[in-house]
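# A closer look at the structure
Single-letter residue listing:
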Amino acid sequence: MADNVLEHVASLLPTMEEIHRILEPNGIIKIRVPYAKSDAAFKDPTHKNFFTEDTFSYFSDEHYFSFYSRVRFKVEKVEFYNYSVDWRHRLRNLLPGKKLLKIFLFNIYDEIYFELRCLK
């Protein structure tokens, strides 16, 4: 599990290529990172990478920018998470239709979780 790590690496492409190299065929990497549309993604001055639900689709043959890397992953799962730290978080978490609101508003979700299958 890469839990809040990938946003700190200097270069994501070589990191993903190394993860691909060490994973067994059909192995799964689980990744949790701050969602790019959240304050958490930008507050931390050590963050170098930002992630949306489409970030890892660049590692699939179907993506039009798949030429960035030769390694391939299949996105098996994408889930959004919210913090419940204070009253503002808890109030925001009660909003209906967050999946639609995330298109128009920032700070609807705090983190995003991925499961990627290694294709060799």
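Residues numbered from 1 in each chain as written. Predicted model: local features only at pLDDT ≥ 70, side-chain atom pairs only at ≥ 80, totals over all residues. Heavy atoms only, no water.

Attention now moves to the packing of aromatic side chains. Two aromatic rings, taken as a pair, are described by how far apart their centres are and by the angle between their planes. Tallying each qualifying case throughout the model produces 14 aromatic pairs. Considering the side-chain rings of F65 and Y68, the 5.5 Å spacing of their centres and the 0 degrees angle between planes classify their relative orientation as stacked. Plain terms: the ring middles of F67 and Y68 are 5.1 Å apart, the flat faces sit at 75 degrees to each other, and that makes the pair edge-to-face. Accessibility expressed as a relative area gives 44% for Y68, which makes it partly exposed. R32 extends its terminal NZ or CZ atom over the ring of Y81, reaching a point 4.3 Å from the ring centre. (Phe/Tyr/Trp six-rings, centres within 6.5 Å; stacked < 30°, edge-to-face > 60°. Buried < 20%, exposed > 50% of the residue type's maximum accessible area, 1.4 Å probe, protein only. Lys NZ or Arg CZ within 6 Å of the ring centre and 35° of its normal.)

For the rest of this paragraph, the subject is the confidence of the model for the protein. Considering every residue of the protein, the mean pLDDT works out to 94; 100% of them sit at 70 or more. Ranking the helices and strands of the protein by mean pLDDT puts strand β2 (residues 28-34) first, with 98, and helix α3 (residues 87-92) last, with 87. (pLDDT = per-residue confidence, 0-100. Helix = DSSP H or I, 4+ residues; strand = E, 2+ residues; numbered from the N terminus.)

Turning our attention to the pairing of strand β4 (residues 111-119). Among the 9 residues that make up β4, 7 are buried, leaving the element largely enclosed by the rest of the structure. With 7 bridges joining them, β2 and β4 adopt antiparallel strand pairing. Bridge assignment links P34 to a residue of β4, and that residue is E111. Relative to β4, strand β3 (residues 72-81) runs antiparallel, the two being bridged by 9 bridges. Counted as the bridge partner of K74 is R117 from β4. (Pairing = 2+ DSSP bridges.)

Attention shifts here to a nonpolar patch on the surface. A contiguous nonpolar patch, built from L100, I103, F104 and L105 and spanning about 440 Å² of accessible area, is present on the exposed surface. Considering the arrangement of structural elements, one finds I103 in helix α4 (residues 98-104). (Patch = residues over 30% accessible without salt bridge, like charges linked within 9 Å, V, L, I, M, F, W, Y side chains within 5 Å. Areas by Shrake-Rupley, 256 points an atom, 1.4 Å probe, with all protein chains shown as cover. Salt bridge = Lys/Arg side-chain N within 4 Å of Asp/Glu carboxyl O.)

This part takes up the pattern of salt bridges. Under the counting rule described, the total for this entry stands at 10 salt bridges. Taking the shortest distance from any N to any O, the salt bridge between R21 and E18 comes out at 2.7 Å. Remark: E18 and R21 occur in helix α1 (residues 12-22); sequence separation between them is 3 residues, near one turn of the helix. Owing to a relative accessible area of 55%, R21 belongs among the exposed residues under this scheme. The exposure class of E18 is partly exposed, given its relative accessible area of 37%. In this structure, the salt-bridge partner of K74 is E76, at a minimum N-O distance of 4.0 Å. You can call E76 partly exposed: its relative accessible area is 35%. Taken together, the salt bridges that share partners define one network made up of K74, E76 and R117.

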